[in-house]
Amino acid sequence: MTQLCVAAEPYEFSADPARTALVIIDMQRDFLEPGGFGAALGNDVALLRSAIAPIAATLHAARACGMLVIHTREGHRPDLSDLPPAKKTRGRLACGIGDAGPMGRILVRGEAGHGLIAELAPIDGEPVIDKPGKGAFYATDLETILRQRGIGWLILCGVTTEVCVHTTLREANDRGFECLVLSDGTASYFPQFHAWALAMVKAQGGIFGWVTDSAALIAAMQGE
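Treat the numbers as computed from the prediction; the structure is a model and nothing was measured.

(A) Expanded view of helix 7 (residues 161-174). With 14 residues, helix 7 should reach 20 Å at 1.5 Å per residue; the first-to-last C-alpha distance of 18 Å fits that figure. By the burial criterion, the buried members of helix 7 are Thr-161, Cys-164, Val-165, His-166, Thr-168, Leu-169, Glu-171 and Ala-172. Lining the buried residues of helix 7 we find strand 3 (20-25), strand 4 (68-74), strand 7 (128-131), strand 8 (153-159), strand 9 (178-187) and helix 8 (191-206). A positive phi of about 90° marks Gly-176, the residue just after helix 7.

See the structure below:
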């Protein structure tokens, strides 16, 4: 495959597959599994779990064609030295970041809830980026990894659409990366936020990038 051409909005997405990376954002147990932090906040995790199958299919296709795959996890050091007080106190939660939760200390690296779901577990050679913020570029070595590998195009999926996916998208956009967002491979606890966030990506001729679904992307990856 010399060129990856995907039917997308607002127009066709074209990329060099050898210089493209699939970035899977924050598919963590605390956000997606019953009994996790997301559920404890009163959210319906089934809304996020709808993205698992499309991402899994895309991940399989990406691995089959040798595309770089990167996973991210939001979380903090056990001593919370990288957790800003504003992030810790915002929301006035009875049980928040760093506190003991149903899957260990909430959003703390090494705890069970911080881990990625089994359905999308990384394999050897796939970088895992541990990020203390919403965006995957903030206080991480993601940009260094991408630059060292000559990556210029990113395919973004994961959760949640309007928070960590969109923050990463905006960070990538400002750094000159071309971004494609998967509509069915992203999700939110708030369906209206998901719809609005996708609309923002493709507005004004693609102000932040392109939007497509997993079926169109996989077909392009397989040369169909």
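(B) Focus on the packing of helix 7 against helix 8. At a minimum axis distance of 10 Å, the contact between helix 7 and helix 8 shows a crossing angle of 15°. Regarding the angle of helix 7 to helix 8, the classification is roughly parallel. Seen from above, helix 7 lies across helix 8 with left-handed handedness. Residues Thr-161, Glu-162, His-166, Leu-169 and Arg-170 of helix 7 pack against Phe-193, His-194, Ala-197, Leu-198, Met-200 and Val-201 of helix 8.

(C) Molecular detail of unusual backbone geometry. Following Glu-9, the chain continues into Pro-10 via a peptide bond in cis, with omega recorded as 5°. Relative to the elements of secondary structure, Pro-10 occurs in the loop between strand 1 (4-6) and strand 2 (13-15). The linkage connecting Val-159 with the following residue, Thr-160, adopts the cis geometry, with an omega of -15°. Within the element layout of this structure, Thr-160 appears in the loop between strand 8 and helix 7. The phi torsion at Leu-80 lies on the positive side, around 60°, for a residue other than glycine. With respect to the helices, strands and loops of the structure, Leu-80 is situated in the loop between strand 4 and helix 5 (85-89). The class of Leu-80 is partly exposed, set by a relative accessible area of 22%.

Conventions and cut-offs
- Residues numbered from 1 in each chain as written.
- Predicted model: local features only at pLDDT ≥ 70, side-chain atom pairs only at ≥ 80, totals over all residues.
- Heavy atoms only, no water.
- Helix = DSSP H or I, 4+ residues; strand = E, 2+ residues; numbered from the N terminus.
- Expected span 1.5 Å × (residues − 1).
- Buried < 20%, exposed > 50% of the residue type's maximum accessible area, 1.4 Å probe, protein only.
- Contact = heavy atoms within 4.5 Å.
- Axes fitted to C-alpha atoms, helices over the stretch in contact; angles between N-to-C directions.
- Parallel < 35°, antiparallel > 145°, perpendicular 65-115°, else oblique.
- Left-handed = near helix turned anticlockwise from the far one by under 90°.

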